[in-house]
Every structure is written in C-alpha cells, then in structure tokens.
Amino acid sequence: MKPLPEGKSLGWMQAPASWIGSHTVRFIGVVRVVIQDGEGFILIKKGKPLFYYFKQGTIELKGHTALDYFNSHPVIEFNLCKYNPDELAWAMKLCNIEDPDRVVPKGPAVYGSVSREPTAPSLTLVPSVVKPVRDAGIPDPVVIAHPVPTVSKEPPVTGSVSREPTAPALTLVPPVARPARDTGIPHPVVVPHPVPTVTKGPVVPGPVSREHNPPSHPVVPPVAKSVQVKSVPDPVVVPQPDPTVEERAVVPPTVACEDPEVTLLSQIRDLDGIVALAVFNDTRTVIMMGDEDSEALVKIARTMLGTARKMTPRLPWGPFVHMTFQIPSGNVIIAPYHDNNLCLLTTRAINIGHIRRILRDLLQKSVTEQMT
Amino acid sequence: MLKEILNKFLILHDVRGVIVVREDGGIVESIKSGMEYNDAFMAAVSTFMVGSKATADTFGNSPAFMVFMEFPDYFLLLAPLKEAFFLLVIAQNTANIGQINQAMKKNREDLVALL
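Residues numbered from 1 in each chain as written. Chains lettered and ligands numbered in written order. Predicted model: local features only at pLDDT ≥ 70, side-chain atom pairs only at ≥ 80, totals over all residues. Heavy atoms only, no water.

Draft legend 1. Layout of the pattern of salt bridges. Residue and element names in this part refer to chain B. For the coordinates displayed, the defined rule picks out four salt bridges over all chains. Between Glu29 and Lys3 there is a salt bridge; the shortest N-O distance is 3.9 Å. Here Glu29, found in strand E2 (residues 27-32), pairs with Lys3, found in helix H1 (residues 2-10); they are 26 residues apart in sequence, far enough to count as distant. For Glu29, a relative accessible area of 22% corresponds to the partly exposed category. Across the pair Lys53 and Asp57 runs a salt bridge, and its minimum N-O distance is 3.2 Å. A residue pair is termed a helical-turn pair when its members lie 3 or 4 positions apart in one helix, as Lys53 and Asp57 do in helix H2 (residues 39-59) at four residues. Assessed through its relative accessible area of 22%, Lys53 is described here as partly exposed. (Salt bridge = Lys/Arg side-chain N within 4 Å of Asp/Glu carboxyl O. Helix = DSSP H or I, 4+ residues; strand = E, 2+ residues; numbered from the N terminus. Buried < 20%, exposed > 50% of the residue type's maximum accessible area, 1.4 Å probe, protein only.)

What follows is the structure in structure tokens.
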C-alpha cells in the first residue's frame, strides 16, 4: 500500500479512540494516529470508519485488530486530515476498499477467465502486535495457526473475475489479548465472515507527519470528557448485501449526533491567519490544533490568563471577555471557552475584528449554555 | 503639555480615560472622563502592566508589544511609546478602535518627545 494522500491538516488532538467515531459525522478524511513509535490511520467518511490501520516497526494491524489496539489506549494522539472527494477516492483505492455508500447491484456470477490469487494467510503477512518496550498495556503477541483458505469454499465462479480474494477473518485478524489492567476495552471480535484486509504487496502506512511534537505531559482526554473507554461498544460488522464490496469496510456503529464544538474549532482554525489553536485549562492542554509548540503557546496563554484573572475582580466591568497580546511576529489571543480557555496564535495580518466577533459569540453561547 | 496630547484621545467617541504608564505600573500622567481612577483600578493597571511585561518576557528579548483586553462593556488598549513607557487607553466597547489607533500614530512622536 502506498502512502495515503496528505489531506488538509485540521490539527493534532488527544482523545480516546471512541471519541473519533462519535465526533466526525461530517468529517471526510484520514485520522492519522501516533502511538508510541507506531503510526496508523483511520480512514473516515462522514463518521463511518472505512479502514483501520496501524504499523509499528514491521508489525501491521488492520481492521478490528487495529481498532482494538487503538481502543486499548485510554487516549491516543491523532491528526485530523480532511480529504476532498478525489483524495478520498484515491485513499480508498490505496486501501483496497470501495465506497460503502455506493450501490452495487447484486449481479449474477461473472463470466470470463478467472484470475483468483489466493491470499496468503495473515500469519505470514500480518504479525501480531509486538509489545512496545514502554507500554505495559499492550498485550503480548498471540500466535494462532491459521487455516489456509481454499478456493473450493468459495461460491462457484466462472468467467474472468478481477476481484481480489479475501481470506476469512479468522485467518487474517490475529487476536489481541485484552490488557489485564484495562477493563474497559472490548474483547476482540471474531468476525464470522471475510473481513477486508489488504495483504497484497508491501503495506506501508499513510504518511504521518512527525513534525508535531507531542506534549510531554500526560495525555488527557479532551472535550470528550464524558466519553470513556468503557463506553466504547464492541465493533459490529453490519451485514452487507454484497460481500464483494461491503465486507471490505469495518463499520462500527456511528453516532448520529454531530459535535458542534469540533466543527466550530475547526472552522476557527481554518480562518486565514490562524496559525494554531489550543483549548487549555489550569492543568492541561485539552485540544491543540496546529503545528506550533503547544507547550510554549499554552505557557504564554497561561501567563496572560493569570494577568486577566488578577485584574478582573479589581474592575467593575464584569467578566473578562478576551485578551490579545500583539508582538511584531503575530498575536496571541485568549478567551474563556466553556469550562476551559481558548488560545489562538495568529499572524499579524489577521482581522482582529473578526476574531472579536467570534470570541463574543463563543462567550454568549457559553453563557447561554450555563443558564440552561 | 502631556495632558493636551492625551486629551486628543479623550475627545474620541466613548474613550473614558488615557494614561501614560511605566512598565512597572507607575503612572506618569492621566486624564479621564466619566470614570474613576480609584485604588482598585490603579491596582488593576499595575497588575496589567506587570503581567503584560511577564508575558512579553516569555517571548524572549522583551519585544515591543501591544495588548488589547476586553470586558463586556469596556476595553483596555496598551501601546508602547518609548522603552519602558506605554500609553493605556480605557474606552467603552462602542469606541472606534481604528480611530484610537490612528490617534496613536499621529501623536506618538509628540508623546515620546515629552517623556
């Protein structure tokens, strides 16, 4: 598999893997995941995960196995990268999956010359997870003898078929042992029918930008405070009418609601002149979008916030609305944001009036929510 | 003479106070209209200056900085004049920031000359 299209980065975040599925209802793109020294991705189309992938060293995980691995971490660090339709189509092609929304007629048997290359069992191609040195929560590899799929079990096909064969899930998805200390992780699901895993050719994960330096402080769940790992439902494979197409997509249940918070923050981040965005509180950075040094930015923001907090009670003007600190190279803007604080790093060219309007709207919305 | 220049700011729509202040919070000159410079306010100004300086220090080399701080009905605009001297404008949110900035550009040299 070749590297996936880069897409447009919306920023890095830290959250439980379950948070991704429930907050990306309108998102189309790839979520690049970095865990320890490994990298992976979740290809998403409007909240529907199309493909899970993770690679650490020579170990590769796909589908449910990768999802289980993501879920085995209370919080993962990831970068939301938006795709346009062409990029999505290309990424899906690279992942060897087809659009689940596409209606594929249940055609009769295809005639012509058969070109069926049996897929080798996954044991040889997809080793189990190697426990990272620093992570005690990752299960030890489990080696299971997998039966080699035989063509005779397949429905009879005559004529030419250019479809790539898929092996039964049992042969392709090495189970991941459940970490003993984590009770909230769902058990690996044994899928009773073929599961799409791309095993042909060298498998290379999508490019994950490592320019971003994850903060050294302990990672914490962001806005999705209420989302806990234990609430992650077991992945469900929805019965699909056409196994040649539909079974390629691992489809956990999607959450119908959209998180306006992420949408709003992404919209702000996308404004011209916004370099980085952070949501922080006294103890931690909740959300960071942008490639700037998050610790340095939040440190400055906390200093500003400290000033605002000391001043506000001495002035009879009501609550602090926002503060902009302008230096020759740009602006740092802070404002209260729900129970946290919002920090924006901007260029000097930005329209401060526009930012003020946005911040006022945020504050009003926050006050309204508190009242209700 | 300094007050005359500060008055050019005070006559702008909904500007309520203008202060020339040192970076340590010390007041050099001030005028006001429709508000009181009580002890609490002066303490807040001092905190504003010290806190802003501390923030500037985190950028390194203490760059020239400008600070805009907004409350529901009022805002503070702090602009550098010369080395450790700043101009602080207190205005209602209905004031025109563009006008204030323009007045700063026009009168900055005169203000600096008097410091």
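The discussion continues.
Draft legend 2. Focus on the interface of chain A and chain B. Across the contact, 25 residues belong to chain A and 30 residues belong to chain B. Both faces combined, the contact of chain A with chain B buries some 2,600 Å², and carbon together with sulfur accounts for 72% of it. For the pair chain A and chain B, the number of links is five residue pairs in polar contact (both at pLDDT 80 or more). Only helix H7 (294-311), strand E9 (322-327) and helix H8 (352-371) of chain A provide two or more residues apiece to the side of chain A that touches chain B. Here the side of chain A that touches chain B takes seven residues from H7(A), the largest share from any one element. Residues of the side of chain A that touches chain B, tallied by class, amount to 14 nonpolar, seven polar and four charged. (Contact = heavy atoms within 4.5 Å. Buried area = accessible area lost by both parts, 1.4 Å probe. Polar contact = N/O pair within 3.5 Å; in protein donor to acceptor, adjacent residues only side chain to side chain. Nonpolar A, V, L, I, M, F, W, Y, C, P; charged D, E, K, R; others polar.)

Draft legend 3. Seen up close, the packing of aromatic side chains. Considering all chains together, one arrives at 12 aromatic pairs over all chains under this definition. For the pair Phe54(A) and Tyr69(A), a centre-to-centre distance of 4.8 Å together with 45° between the ring planes defines the contact as tilted. With a gap of 15 residues between them, Phe54(A) in strand E4 (residues 48-56) and Tyr69(A) in helix H2 (residues 63-71) connect regions that are remote in the sequence. An aromatic cluster of three or more residues is present, and its members are Trp317(A), Tyr37(B), Phe41(B), Phe71(B) and Tyr74(B). (Phe/Tyr/Trp six-rings, centres within 6.5 Å; stacked < 30°, edge-to-face > 60°.)

Draft legend 4. Representation of H1(B). Residues and elements named next belong to chain B. When H1 is considered as a whole, its buried residues turn out to be Leu2, Ile5, Leu6, Phe9 and Leu10. Burial along H1 is one-sided: seen end-on, the buried residues are contained in an arc of 155°. Among the structural elements, strand E1 (15-22), E2, strand E5 (85-92) and helix H3 (97-114) are those in contact with the buried residues of H1. (Arc of directions from axis to C-beta.)

Draft legend 5. Fine view of the pairing of E1(B). Residues and elements named next belong to chain B. Of all eight residues that make up E1, seven are buried, and the element is covered over most of its length. In this sheet, E5 lies alongside E1 in antiparallel orientation, the contact comprising seven bridges. In the strand pairing of E5, Arg22 is matched with Phe85. Of the strand pairs in this sheet, E1 and E2 are connected by five bridges, and their pairing is antiparallel. What sits directly across from Gly17, in E2, is Lys32. In sequence, E1 turns back onto E2 through a hairpin of four residues, with Gly25 there showing a positive phi of about 100°. (Pairing = 2+ DSSP bridges.)

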